[in-house]
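# Fold and contact review
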Amino acid sequence: MGRRARLGLVLCLAALWAGGLAAADEEGNQDESLESKTLSAEDQVKDHSTGTRVVAGQIFLESGKSDSQSEDEENFHSQEEEKENSLEELNSLEMSNLLNKDLEEAEIQSPVLRAIGGTADGEPCHFPFLFMEKEYAECTADGREDGRLWCATTYDYKKDQKWGFCETEEQSNKRRQMQEAEDVYQTGMKILNESSKKSQKKEAYQYLLKAADMNHTKAMEKVSYALLFGDYLKQNIQSSKELFEKLTEEGSPKGQMALGFLYASGLGVNSSQAKALVYYTFGALGGNLIAHMILGYRYWAGIGVLQSCESALTHYRLVANHVASDISLTGGTVVQRIRLADEVENPGMASGMLEEDLIQYYQFLAEKGDVQAQVGLGQLHLHGGRGVEQNHQRAFEYFNQAANAGNSHAMAFLGKMYSEGSDVVPQSNETALQYFKKAADMGNPVGQSGLGMAYLYGRGVPVNYELALKYFQKAAEQGWVDGQLQLGSMYYNGIGVKRDYKQALKYFNLASQGGHILAFYNLAQMHATGTGVMRSCHTAVELFKNVCERGRWSERLMTAYNSYKDGDSNSAVVQYLLLAEQGYEVAQSNAAFILDQKASIVGENETYPRALLHWNRAASQGYTVARIKLGDYHFYGFGTDVDYETAFIHYRLASEQQHSAQAMFNLGYMHEKGLGIKQDIHLAKRFYDMAAEASPDAQVPVFLALCKLGVIYSLQYVREINIREIFSHIDMDQLLGPEWDLYLMTIIALLLGTIIAYRQRQHQAIPRPAGLRPAVPQQEPPPEHQPPQ
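In this text, all values refer to a predicted model and were calculated from it rather than measured experimentally.

Together, Leu358, Tyr361, Tyr362 and Phe364 make up an exposed nonpolar region whose accessible area comes to about 380 Å². Looking at the secondary structure, you find tyrosine 362 in helix H15 (residues 356–367). Owing to a relative accessible area of 32%, tyrosine 362 belongs among the partly exposed residues under this scheme.

Tallying each qualifying case throughout the model produces three disulfides. Between cysteine 139 and cysteine 166 runs a disulfide, and the two sulfur atoms are separated by 2.0 Å. With the S-S dihedral at roughly -90 degrees, the linkage between cysteine 139 and cysteine 166 falls on the left-handed side. Taken as a pair, cysteine 139 in the loop between strand E2 (134–136) and strand E3 (150–152) and cysteine 166 in the loop between strand E4 (163–165) and helix H6 (169–194) lie far apart in primary sequence, 27 residues in all. Here cysteine 166 falls in the buried class, since its relative accessible area comes to 12%. With its sulfur 2.0 Å from that of its partner, cysteine 309 forms a disulfide with cysteine 537. Its S-S torsion of about -115 degrees marks the bond between cysteine 309 and cysteine 537 as left-handed, since a negative value means left-handed.

A few words now on the packing of helix H10 (residues 253–265) against helix H27 (residues 569–581). With their axes 11 Å apart at the nearest point, H10 and H27 run at an angle of 100 degrees to one another. By the angle between their directions, the pair H10 and H27 is classed as roughly perpendicular. Of the residues in H27, those in contact with Met257, Phe261 and Ala264 of H10 are Val574, Leu577, Leu578 and Glu581. Split into classes, the residues belonging to the contact of H10 with H27 amount to six nonpolar, no polar and one charged.

Within the largest apolar cluster, 150 residues are counted, with the highest numbers of intra-cluster contacts made by Phe261, Tyr316, Tyr576, Ile594 and Trp615. At nine residues, helix H24 (residues 517–529) tops the list of elements feeding residues into this core. Those residues in contact with tryptophan 615 that sit more than four places away from it in its chain are Ser589, Ala592, Phe593, Tyr623, Ala626, Lys629, Leu630 and Tyr633. The next biggest cluster of nonpolar side chains, apart from the first, holds 12 residues, and it includes Cys125, Trp150, Ala152 and Phe165.

Turning our attention to the pattern of salt bridges. Note on pairing: side chains with opposite charge can pair once their charged atoms come close. Tallied over the full model, the rule gives 15 salt bridges. Linking arginine 298 and glutamate 581 is a salt bridge whose minimum nitrogen-to-oxygen distance equals 3.2 Å. Here arginine 298 is found in helix H12 (residues 289–301), whereas its partner glutamate 581 is found in helix H27, with 283 residues between them in sequence. The pair arginine 298 / glutamate 581 is uniform in exposure class, with both members buried.

Attention now moves to the confidence of the model for the chain. Here the chain averages 79 in pLDDT, and 77% of its residues register 70 or above. Considering each helix and strand of the chain separately, the mean pLDDT is smallest for helix H1 (residues 2–28), with a value of 40, and largest for H12, with 96. Segment residues 40–56 is flagged for pLDDT under 50; beyond a separation of four residues in sequence, or across chains, it makes 39 contacts in the model.

Rules used throughout
Residues numbered from 1 in each chain as written. Predicted model: local features only at pLDDT ≥ 70, side-chain atom pairs only at ≥ 80, totals over all residues. Heavy atoms only, no water. Patch = residues over 30% accessible without salt bridge, like charges linked within 9 Å, V, L, I, M, F, W, Y side chains within 5 Å. Areas by Shrake-Rupley, 256 points an atom, 1.4 Å probe, with all protein chains shown as cover. Salt bridge = Lys/Arg side-chain N within 4 Å of Asp/Glu carboxyl O. Helix = DSSP H or I, 4+ residues; strand = E, 2+ residues; numbered from the N terminus. Buried < 20%, exposed > 50% of the residue type's maximum accessible area, 1.4 Å probe, protein only. Disulfide = S-S within 2.5 Å. Axes fitted to C-alpha atoms, helices over the stretch in contact; angles between N-to-C directions. Parallel < 35°, antiparallel > 145°, perpendicular 65-115°, else oblique. Contact = heavy atoms within 4.5 Å. Nonpolar A, V, L, I, M, F, W, Y, C, P; charged D, E, K, R; others polar. Core = buried A, V, L, I, M, F, W, Y, C linked by side-chain atoms within 4.5 Å. pLDDT = per-residue confidence, 0-100.

This is the structure:
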């Protein structure tokens, strides 16, 4: 029995391992939308290690480690190898014993497929078997109209006519139902991926709804998120919750993560941070990247867990590895961070979005042959962003037009498109090299960087590190971020140059200032491992967080913004709330802003407390308006008790850390009134003056406040002095002489006489009849019409 138990354990482990690989393969084929991308257990183990991976522009080769680190790792690996070897020896010995001594028992215990019904009920299926002159190594539905799977129990079915079903009728019906659901799902996904019209996408979701009703897991995941966000389906939190619960029971990491979000935000359920943490953890263990990102933020900010920089680093690094591997040399997609509060406060402020009229104007210029407009539109369509959807076909057309006109920038970008390849432009190193050479000969840094990449990786030319270094240096001198990034990578790895971490750090910093996400990733790796710099977990986490926020899920920011602009605040706030859970500061402030306006999806009594929570999280990430909002909420008692002292603390933080004119003005008012602080008119004036200096917009309200302060100061001064005491100290005899009273009486008499004389002159005027209005003066008639005298 001991041997049987061991063999059973080995078989179980093998089955679990195979199942894990199958699940990982299936999950890897999914799209990288907001709710997707999960990792296999194998990927998670790889990403948690400090080992390195080589991606274009990424730095970490094994040779790049410090000596002590290398020695430790070598010792560790040698120990691990010894363990693995001993385990392999043990396993091989045990397996040989099992195979030699218990072969019959193993055969009995191995799963044998037996025929059900037919002419050979209960007999084992024979594989392969011959049917219609074709060999079958597995059950087949060939020859049957009902599609039910069967097998032969002897090799030659035609000769022996021995057969039976491989499944019961119930199993057959279930399999056919799942196959039908898969067909419906694939139809819906095909329409969804190939169409851009809203009506067609709605039609696609009808197919997905049908597949979800047939318990298709992927369809349920798609539909549940669509119901949560209101994407092409009517928003229904309760229905989405039920689907998430069903998915969670089936072990779906996406369902677990989403259910955690519902408990964290209190949507459709009573808020519970403990349950949220449990579901997030299970989602992360299942490999869901969003769950990892949420846990990274929670450990970094200490939300519902003890603050732990190292735990945050583990989660963020894992997500950052996958984001970095997806980023091409273009530096990744552009993330539009539009703050709703800033738009309302400053309507004229540029949000980074291009208006439709302006885009049409540029298109008109491009059609007229304006080369700069063609290049600009080409870059917009190549990268996407600023309200323009990514469209490689249009980008290619615009670049072609500009390149034909002799523009070096357009030639270089055509080279990039051919080098990377896409559905529109086939990958071609030779064509890319031609364009790069033309652009580089004209001194274009993009072309120079492209040539450097060609020589570095041998794309269309032999590998030549010296030439690669030369072209990267030329591009870097002109400030091109790709050149700076690759130059830093060469210095880090010691490719074509002597290894120099300081130079690598210098060029990575330069590239990061240009916004290249791989530069942030490389800097994060250096700070995380302490390579070339002092190890700093805090800095590494902030850099990795920046990388993670450039993942494809960041596109949801624009979707949420468009929903808000279309008047669908409920859809917008749910999307912003999920992004806020992931740690996006702009999503936290936007969610708080919408909740501040009484979003109907949340109970009326809960809007201010929830808004306060997200203002607090946004403020902790350095957003000035959020810090001032916290002061306002405590000042007026929105979502909390009135607390002038806490309000004063928040205003002071905004004043000292972000030099906010609004915060300085509020501090002046609180000093003036003595709210939360001792009344001090002098300090009030000081803060008012500081506000006027900090912002020109504050000068008018500060002037009015100072006028009011002057009046208050004068009244306070008069109130504080004792007039009777002042007059008691005045000696009139000494001041005006001993006969001052005569002088005073004379002055009074003169004044009285003047008043009497003035009144007498008034009485001498012609009296008017009472009740009559003054007559309008008439013109004097001509002399000939005057009456005789």
